[in-house]
Amino acid sequence: MGLLSRLSKAKRRQMFGHFVLYTMPILSYAMVAVSFLWLLALPHRSYSKVTYISENALQPGAANVQFDWNDFVVAEAYRQTVNIISELPPLERAEALRREFAQVGLKSATQNYTLHTSTVTRHGVNTYAIFYAPRSDGTEALILSAPWKSRNPKFTANTNGVAMLLALAKVFKRGSHFSKDIIFVISDGDTEGLQAWLKAYHGNEERTKTRFEETLHIRSGAIQAALNLDFAGTGDYNVLGIFFEGVNGQLPNLDMINTVVEIARGKAPVEITLHDDIMPYTESMPRNYTNSLNKMFYMMKYQAAGTPTGNHGVYLKYKIDAITLYGFDKPGWPSPRYNLFRLGAVVESTVRSLNNLLEHLHQSFFFYLLSGVRRYTSIGLYMPPIIILGVSFILQALSLWGISSDLPLELKVLSEAKATAIVLPYSRRSRNLRVATTVVNLSFITGYGTFYLLTTNLGFPGETPLIKLIASVGICSTLVFSAVSTAHIRHRVLKERQIKANSADKTPEKNIAELIPAADWIILKTFILALSALFVTTLSALNFSLAVFIGTTIVLPYKFFRPCSKRFLSAVQAAVLVMISPPGLLFATAWWFSKDVGLILSWAIEGYEVLGTWLLPTLCCIYWPINLAAIVMVLLPVS
Amino acid sequence: MRPISGQMLLSTGVLLCIASSLSTIADASQQALHVKETVPILKAPEAFHEQLVLKPLNDGGAYSHFQFTTHIGTMMDEEHFDGAASNLFSHYNLFPRSIGQILHSFEVEELHLTFTQGRWQYSDWGYPLAPSVGTGVELWAWLNNNRLQAEGNWRGLTNTLSGLFCASLNFIDDTISIEPKLSFRNEGLYNVHSSKLSPSNTTSTTPRKLRYGSLPHENVCTENLTPWIKLLPCKSKSGIASLLKSHKLFDTRFYSMAIHVRPVCEDDKCKVKSLELVQTITTVFDVARQDGSYDWSLSSLFEREITQACPLASTSNIIVHLPQTTQFDKQYELTPMLPEGRYTIGSDENKQEIAVYDLKKAYSGDTSSSSEPFKLSMQWESSRPKSVQPISPGIVAHRYFTGYGQERGGLSIEIYNNDSQDVEAVLLDTLPWYLKLYLHTFTVHLNDQLLENYRDIVKKMYYQQAVDRARPAVLELALNLPSHSKIKFSISFDKVFLKYTEHPPDANRGFDIGYAVITVPLARQKGQIGYGSVDHLRIYQGRDASLVQSRRLSTQQQEGNDDDNETDKVRIYTETLLLSLPTPDFSMPYNVITLTCTVIALFFGSMFNLMTRNFEVVGSDKTKGKDKEKKDE
């Protein structure tokens, strides 16, 4: 009786198990579909919300702007001065700028820095000046910065931006209504100049072999917010772009963007847009879904890359909210042109707003996606799709794990010419984890190895990142080949041994006891899927956009691919996986942007070495190993 | 003794006789009788001096220093002079009663209270005349500790002053009050003198306690100025104080006002001692702010005019420091320029030309001129100079936080010694308990080189460990600063996660950390305004010059300092800092609390009510009666 009931219980369990394990993959594919559709819905008008000023203290545009026509004339004069200064070599240029600030009546100084990465050596001089707010205690400060080099490749110098800084210094010196000091920084180089300055400001300057950062001579208080100006050349502009993505996709408080947008709409009308995108789409133009999708894709692209889109990006690490204002001229945009006069009003009004702050910016969102200058999707609304994607990985992994062993075994009994299956309680197939763990471990070691190779200067002649990459690809393919061939040989040996054993001994009891464990690829795929789930969900909390791009790239191949008995199909799958491996993606990016492969590679390496972006380590140490394991998986014997 | 002082003493003697006879009749208090039995009291007259020092600064600023000095004193042996706690305050003429009563009831011997708005830019402006320029409010006092009541008296003092000056002084509680061991020694000429003249001095046997506290984030405005003006004998009705217009005073780059009360000697032998109340206002006007012109006049600076000297004042002077013409590449014109009021102070190296305008003289007798306002202006021939040349004062100090993030941080103090000789200094740094300092991380850098052994620099070290929610950490170092050096002290700390109720309403702003104070004896230098001591002003008054001189000598002898150079103890204040501690999201718990409370109120409350209540069927009287009977049985 007991046995019977136990058997029926086991039968029921097995049926349930079957149901769960075989519906889970279907469910997981459905979830992938849901996740994709949800992601596409993010920029939709009815899903996103209109931005609003959350911090009431900001009062954008409430203060009277002091920047008047005389100041505009002053700014134009400074433009000439900066033009002359730009001819000078860096050291004298910085000194000349320092003297200009000193003449306004500000404390000013310069800072030298040198940086050696594995590929290049950079040297530069920053100029900075501090306006001490009258009667303030100097515990808080705002930064107005301008990089010497503009992001606009057509111009050599950020002439208007630097001139604006000098003119504003003069305007601020007149007033007595500032509660925060204002620091003016003109940084050299790309982002490393400002980074060196910020490090020194926070007392972390290094004097090592690879980095030298001069100590700052004058300081102010805790920096509350920063505004970075990028206005290349000496002409007028018709659009004002906002750049805000920082290192590793960190974002400034949404109120920073809202304030500028609010001021550019009301106080000093200027056409404003996100980034410098190609399509003529601004706030005043009709909105549609494609535009919103494009905008959001732009933002996610910048965020995923992890390299800041301007100097503002390096501030965020120090809990300083910052954005870059970028003036550019887009022919064909039906927006009125603006010059330094309008620009001065925008910047001054924004600084006055930030000066109103009683506390550090904290009211508004730090995690958001923008589909337009005035539309946002907050973290609560954009997180579900990526989590669903992660769960879909897990569901399939669990299903495979269960199928590989957890289902109770059946004993097929032939009685009265009718086959009935009797479920055996307490008996399962054993799992053979040896191949899977070895492959996963080896691929992770290989991944770290390639990362080490790419980021260290080995010192042999003609050493370029591209050669290193080729070497890494070589290492990886060696791993794949060796793993696959070993697995095949092992498989064949095992099979032969089994056949031999079967022919030698044909007792059924023994047969049951020596049940063949599940195929190696199933276990390996389980590992791959579980690791992918872990990877994507963890990354989504750190850098949502990168998680989305990686998740959507890998989800279908990793879920769908499996070894086929047809060699050709396996080879196709392996080819697809190679395409989405880091080198494959690198070549694809190079082709898409029609840039040199070595250039993109050294960009990624420099991003890691100079700014500490996670893109290279993530791709090398986590993404690539999983990808390698997947390639090995599709090439394993089917059995 | 100089003839002027002798003359004054003589005249005071006559006055004193009348005054003492009057006072004995007027207030026959027990204390007065008690003293009378032992020594003959001669009550010194009260006196009031008003002064304004103006100095054009290098960067286009105009420095103004108002100083109002009120004396109240007696003539008696030093044994019977016990400062504020004595019977001085039996009658008030010029001395403000509100201060007198505070001093008397809390047994305060010495009191220093400073309100400051803004930062003093040492490298632009040199050292200030005022002794304290630390941002916010600074209060320190020496208290008589006869009956071991110093703690209570300190609490009472802060609370009373808080009410008097409309400031949050009552927040100076035990968690931020400290007792410096090396800094903030007794001021006042009396103490130095008496200890020198008579070693067996009563004041040293009287146990005294020093209490020091500061509020770095206290805003100073008109509500603090009004009670301050009320302490003046002439208020702001006449005299120099009539220039005090809050509109202009608070539109400056720096504003500081203070009261200092201390016992002083009125003569060389210290026969006459008095209690001195010094009230100062220090401002730095940004003259060149609007049009870049360095020109100024009394009316352009203050938008008010002086029409007469304060009738109650003994002296009433306006002193202008004339700019060294080598310092500026242009000529200036000061109007009116009195040839007889032009003096040179200091020796040739430290020469400083000053112009003195005696308002008493200007408005004496002639009644017709009294209606005419006193005009003073300075005009420059050319426009502003091309660039500002920073002057380098002897010792400059800066302090800043290092590191980022909300878990840990570091503190660095940089001290620059630009002097050509070694300087002994004392550094005092007070840090609130929510910074967990790690003393083992204390490092010293000399000219950017890490010192393994810093015994040569740090002579003495006094460190008080902070106690959570009870007292701050105090770091006091006796230093020897080598000549032409930069010394950097750094120490690391952990940031404490506060209880959510301990955060201020503006939690995300952060916490203000007060300044560090560096006390240095400095040789007087050329081209600087002066040094942080109210004594400095006495130099301008001929009668006190010798006194200050002798006091200086005595201090030098005491410290075994044989240098011929005149030195002054200057306190240098570093910047205040802002510290951001880990801050919880305050709106979220609030939402949760609201939601939970609603749920509890609506559901749990009614459910609990239903469950605990005993329900009974309300029947007719009959059944009730039966029940009752049953119960009775």
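Every chain is numbered independently, its residues counted from 1 as its sequence is written. A letter from A marks each chain and a number from 1 marks each ligand, given out in the order of writing. Only residues with pLDDT of at least 70 are given local features in this predicted model, and only at 80 or more are side-chain atom pairs given and counted; all residues enter the totals for whole chains, interfaces and linings. To get the side-chain values, take all heavy atoms of the structure and skip hydrogens and water.

As recorded by an unreviewed UniProt entry, chain B carries the name GPI transamidase component PIG-T and is attributed to Lobosporangium transversale.

Per an unreviewed UniProt entry, chain A is named Gaa1-like protein, and its organism is Lobosporangium transversale.

Novice: Any chance you could explain the sheet that holds strand S6 (residues 211–213) of chain A here in plain terms?
Specialist: Adjacent strands of a sheet pair through backbone hydrogen bonds, lying either parallel or antiparallel. Residue and element names in this part refer to chain A. Here, strands pair whenever DSSP counts at least two bridges between them. Think of it this way: any DSSP run of H or I at least four residues long counts as a helix, any run of E at least two long counts as a strand, and we number them from the N terminus. A sheet is described by the order of its strands in space; here nine strands give the open sequence S6-S2-S3-S5-S4-S7-S10-S8-S9, paired in mixed fashion. Unpaired on one side and paired on the other, S6 and strand S9 (272–274) mark the two borders of the sheet. Ignoring which end each strand starts from, the neighbouring axes of this sheet average 20° apart. Note on contacts: a residue pair is in contact if any heavy atoms of the two residues lie within 4.5 Å. Only C-alpha atoms enter the line fits that serve as axes; for helices the fit covers just the stretch in contact. Angles between N-to-C directions range over 0 to 180 degrees. Here helix H8 (residues 340–355) sits on the sheet and contacts strand S4 (140–147), strand S5 (181–187), strand S7 (222–231), strand S8 (239–243) and strand S10 (321–328); the angle it forms with S7, its principal contact strand, is near 170°.

Novice: Which parts of the structure should I look at to understand the side chain of Lys486(B)?
Specialist: Secondary-structure assignment places Lys486(B) in strand S21 (residues 485–495). For Lys486(B), the side chain forms a polar contact with the side chain of Asp448(B), separated by 3.2 Å. Excluding anything up to four places from it in sequence, Lys486(B) contacts Thr215(A), Glu414(B), Ile415(B), Tyr416(B), His445(B), Leu446(B), Asn447(B) and Asp448(B). Pairing of N or O atoms within 3.5 Å defines a polar contact, subject to two protein rules: one partner must be a possible hydrogen donor and the other a possible acceptor, and residues neighboring in sequence count only if both atoms are side-chain atoms.

Novice: What is the right way to read the state of the cysteines from this model?
Specialist: In protein structure, a disulfide is the covalent linkage between the sulfur atoms of two cysteines. All names here are of chain B. Two cysteine sulfur atoms make up a disulfide if the distance between them is within 2.5 Å. Under the counting rule described, the total for this entry stands at one disulfide over all chains. Between the sulfur atoms of Cys 234 and its disulfide partner Cys 310 the distance amounts to 1.7 Å. On the S-S bond that ties Cys 234 to Cys 310, the torsion sits near 65°, and the link is right-handed. Taken together, the residues Cys 234 in the loop between helix H8 (222–230) and helix H9 (246–249) and Cys 310 in the loop between helix H10 (298–302) and strand S9 (315–321) connect sequence positions 76 residues apart. The residues Cys 234 and Cys 310 share a single accessibility class, namely buried. Unpaired in this structure, Cys 166 has its nearest cysteine sulfur neighbour in Cys 221, at a distance of 11 Å. Partly exposed describes any residue whose relative accessible area lies between the buried limit of under 20% and the exposed limit of over 50%, with all areas from a 1.4 Å probe on protein chains only and scaled to the type maximum. The class for Cys 221 is partly exposed, based on a relative accessible area of 32%.

Novice: Would you take a moment to explain the environment of Glu109(B) for this structure?
Specialist: Along the chain, Glu109(B) falls in strand S3 (residues 108–117). A sequence separation of 149 residues divides Glu109(B) from Ala258(B), and the C-alpha atoms of the two residues are 17 Å apart.

Novice: I would appreciate a short explanation of helix H14 (residues 544–560) of chain A in the present structure.
Specialist: In an α-helix there are 3.6 residues to a turn, and that puts residues three or four apart on one side. Residue and element names in this part refer to chain A. Multiplying 1.5 Å by the helix residue count minus one yields the expected span of that helix. If you check H14, its first and last C-alpha atoms are 24 Å apart, about what 17 residues at 1.5 Å a residue would give, namely 24 Å. The term bend refers to the angle at a residue between two fitted axes, each drawn through seven residues, those ending there and those starting there. The largest bend along H14 measures about 35° and falls at Ile 554, with the proline Pro 557 one to four residues further on. By the criterion of burial, H14 is predominantly enclosed, with 12 of the 17 residues buried. Looking at H14, one finds that the buried residues are Phe 544, Ser 545, Leu 546, Ala 547, Val 548, Ile 550, Gly 551, Ile 554, Val 555, Pro 557, Tyr 558 and Lys 559.

Novice: I'm lost on the packing of helix H3 (residues 90–104) of chain A against helix H4 (residues 159–174) of chain A in this one. Help?
Specialist: Helix packing for two helices is described by the angle between their axes and how far apart those axes are. All names here are of chain A. It is the contact of H3 with H4, at a shortest axis distance of 9 Å, that shows an interaxial angle of 20°. With respect to H4, the axis of H3 lies roughly parallel. Our pair here, H3 against H4, has a crossing hand that is right-handed. Residues Leu 97, Glu 100, Phe 101 and Val 104 of H3 touch H4, and the partners they reach there are Val 162, Leu 165, Leu 166, Ala 169, Lys 170 and Lys 173. Polar here means any residue outside two lists: the nonpolar Ala, Val, Leu, Ile, Met, Phe, Trp, Tyr, Cys and Pro, and the charged Asp, Glu, Lys and Arg; Gly therefore counts as polar. When its residues are assigned to classes, the contact of H3 with H4 shows seven nonpolar, no polar and three charged. Any angle from 65 to 115 degrees is called roughly perpendicular, while one under 35 is roughly parallel, one over 145 is roughly antiparallel, and all others are oblique. Each crossing gets its hand from how the near helix is turned against the far one by less than a right angle, where anticlockwise is left-handed and clockwise is right-handed.

Novice: For this particular structure, what's the right way to read the pattern of salt bridges?
Specialist: When the charged atoms of two side chains lie near each other, side chains of opposite charge can form a pair. Residues and elements named next belong to chain B. For this analysis, a salt bridge means a side-chain nitrogen from Lys or Arg found within 4 Å of a carboxyl oxygen belonging to Asp or Glu. As enumerated under the stated definition, the model contains 32 salt bridges over all chains in all. Here Arg 211 makes a salt bridge to Glu 179, at a shortest N to O gap of 3.2 Å. Of the two residues, Arg 211 is situated in strand S5 (residues 208–215) and Glu 179 in the loop between helix H5 (150–165) and helix H6 (189–197); the sequence distance between them amounts to 32 residues. Overall, Glu 179 belongs to the partly exposed group, its relative accessible area being 25%. The shortest N-O distance in the salt bridge between Lys 486 and Asp 448 comes to 3.2 Å. Separated by 38 residues along the polypeptide, Lys 486 in strand S21 and Asp 448 in the loop between strand S17 (435–446) and strand S18 (449–450) bring together distant segments of the chain. Under the relative-accessibility criterion, Lys 486 is labelled buried at 12%. Among the residues examined, Asp 448 registers a relative accessible area of 39% and is labelled partly exposed.

Novice: Explanation requested: the packing of aromatic side chains in the structure shown.
Specialist: Here a ring pair, both rings aromatic, is described through the centre-centre distance and the interplanar angle of the planes. Only rings of Phe, Tyr and Trp enter the pairing, Trp through its six-membered ring, and a pair is recorded when the two centres are within 6.5 Å. The plane angle decides the type: under 30 degrees is stacked, over 60 is edge-to-face, the rest tilted. With the rule as written, the count across this model stands at 45 aromatic pairs over all chains. Plain terms: the ring middles of Phe172(A) and Phe178(A) are 4.9 Å apart, the flat faces sit at 70° to each other, and that makes the pair edge-to-face. Grouping residues by exposure puts Phe172(A) and Phe178(A) together as buried. A connected cluster of aromatic rings, assembled from ring pairs, spans Phe48(B), Phe66(B), Phe68(B), Trp228(B), Phe285(B) and Phe302(B).

Novice: For this particular structure, what's the right way to read the pairing of strand S2 (residues 107–116) of chain A?
Specialist: Side-chain positions along a regular strand alternate between the two faces of the sheet. Residues and elements named next belong to chain A. Burial within S2 is extensive, with seven of its 10 residues counted as buried. Where S2 lies against strand S3 (residues 121–131), 10 bridges are found, and the strand directions are antiparallel. Residue Asn 112 lies in a different strand from S3, and its bridge partner there is Val 125. When S2 meets S6, the two strands line up antiparallel, connected through three bridges.

Novice: I tried to follow the interface of chain A and chain B on my own but got confused; where do I start?
Specialist: Note: interface size is frequently given as the accessible area lost on complex formation between the parts. Chain A puts 31 residues into the contact, and the matching count from chain B is 37 residues. Taken over both partners, the interface formed by chain A and chain B buries close to 2,900 Å², and the fraction arising from carbon and sulfur atoms is 45%. Applying the counting criterion to the chain A and chain B interface returns four salt bridges. Here Lys107(A) makes a salt bridge to Asp124(B), at a shortest N to O gap of 3.0 Å. At the junction of chain A and chain B, the tally comes to 18 residue pairs in polar contact (both at pLDDT 80 or more). Joining two parts hides part of their accessible area as seen by a 1.4 Å probe, and the buried area is that hidden amount summed over both.

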